[in-house]
Amino acid sequence: MPIHNTTSNPLVKAPAVRFAPSPNGLLHVGHARSAMLNWQFAKARHGTFLLRIEDIDITRARPEFETAIFDDLAWLGLDWPKPVRRQSDHFAAYQANLGELRKLGLLYPAFLSRAETSARISETERTGRVWPRDPDGAPHYPGDDRRLSPSERDRRIAAGEPHAWRLDMQAALDGLDARLSWAEHGSGPSGETGEIIADPGEWGDVILARRDVPASYHLSVTVDDAVQNISDVIRGEDLFAATSVHRLLQHLLGLPAPRYRHHDLVRDQLGRKLSKSDGSTSIASLRQQGASPEDILALARIRT
Ligand code: GLU
């Protein structure tokens, strides 16, 4: 199969990058690393550094965390064009893109609850069969709903049954006339770099609109990177595998593909990636303990 790769002329224009945190907790030193790598990349090339607030999870996003993001980044010495793009203001754009995928016949309503999904998986695993898992270790969604007739789908939606919208991954892959790849200028967790062949199938039928929110991470990040003309996506290597899904969505929606520069993560003494739920590593708490911006950048392994 031929490969749909991404070619770009580096002479054409100055880059645009984005740092895209979710306001569901305080930023930690790992976020400082990502934000600063984006910032330095843009500054060195007379490019644009954008801040994007990824708050589609309206159940967890909180205004005080958004304020803390602005405050921590400004304290680190960064600035960005205002107003920032806040994803919760753009559900209509995500819906429009979902509509495109629906027209292509690649979406289906997924009615199984989390409990029903787990029950289906355990039932199968009890028979000794291995259930497929995605690169993050989550089990693939069972295919049951994919087989519902259009009239049954319509009936259940009209009856108000809660449902997410999922991508029919097999149908999407069957429609490809070439393999997808992306230009990796950083590296993945195992040092992958250069032209990377995307493997979206390993994610199964990803969610594109959640039960409670009319969008999903994969959809909103793909749409926004295109809307904001992002030339280079600089983010942690924990999102390396997700790039396969983003490349597929870009292809299906006719959106341009940025270059990618995944970077290594800041880890704790046990080698675990930092997490927002561990407040001890938050930039805010280190500031309160008297750390300077230079101290944070040193912890974030940023060379100035
Ligand atoms: N909002 C995502 C996060 O906070 C980052 C998304 C991305 O950089 O693609 O992990």
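Residues numbered from 1 in each chain as written. Predicted model: local features only at pLDDT ≥ 70, side-chain atom pairs only at ≥ 80, totals over all residues. Heavy atoms only, no water.

S.K.: Just checking my understanding: could you explain the sheet that holds strand 2 (residues 16–19) for this structure?
M.R.: Strand pairing in a sheet is mediated by backbone hydrogen bonds. Such pairs are either parallel or antiparallel. Read from one edge of the open sheet, three strands run 2-3-4, paired in parallel fashion. The open sheet is flanked by strand 2 and strand 4 (85–86), the only strands paired with a single partner. As judged from the four bridges shared by strand 2 and strand 3 (residues 48–53), these two strands associate in the parallel manner. Counted as the bridge partner of Val17 is Phe49 from strand 3. Each of strand 2, strand 3 and strand 4 is contacted by helix 7 (residues 217–227), which is oriented at about 145° to strand 3, the strand it contacts most. (Pairing = 2+ DSSP bridges. Helix = DSSP H or I, 4+ residues; strand = E, 2+ residues; numbered from the N terminus. Contact = heavy atoms within 4.5 Å. Axes fitted to C-alpha atoms, helices over the stretch in contact; angles between N-to-C directions.)

S.K.: Please explain unusual backbone geometry as it appears in this structure.
M.R.: Peptide bonds are, in most cases, trans, and in most cases residues other than glycine have a negative phi. With an omega of 0°, the peptide bond running from Lys82 to Pro83 counts as cis. Here Pro83 lies in the loop between helix 2 (63–75) and strand 4. For Asn229, which is not a glycine, the phi torsion comes out positive at approximately 50°. Residue class for Asn229 comes out exposed when judged on its relative accessible area of 55%. A positive phi angle, close to 55°, is found at Arg301, a residue other than glycine. You can call Arg301 partly exposed: its relative accessible area is 42%. (Buried < 20%, exposed > 50% of the residue type's maximum accessible area, 1.4 Å probe, protein only.)

S.K.: Help me understand helix 1 (residues 29–44) in this model?
M.R.: Note on helix geometry: an α-helix contains 3.6 residues per turn, so any two residues three or four positions apart are oriented the same way. The end-to-end C-alpha distance of helix 1 is 22 Å, a good match for the 22 Å that 16 residues give at a rise of 1.5 Å each. Taking burial as the measure, the 16 residues of helix 1 include twelve buried ones, the bulk of the element. Within the span of helix 1, buried status applies to Val29, Gly30, His31, Ala32, Arg33, Ser34, Ala35, Met36, Asn38, Trp39, Phe41 and Ala42. Once helix 1 finishes, His46 follows within two positions and takes phi at roughly 55°, a positive value. (Expected span 1.5 Å × (residues − 1).)

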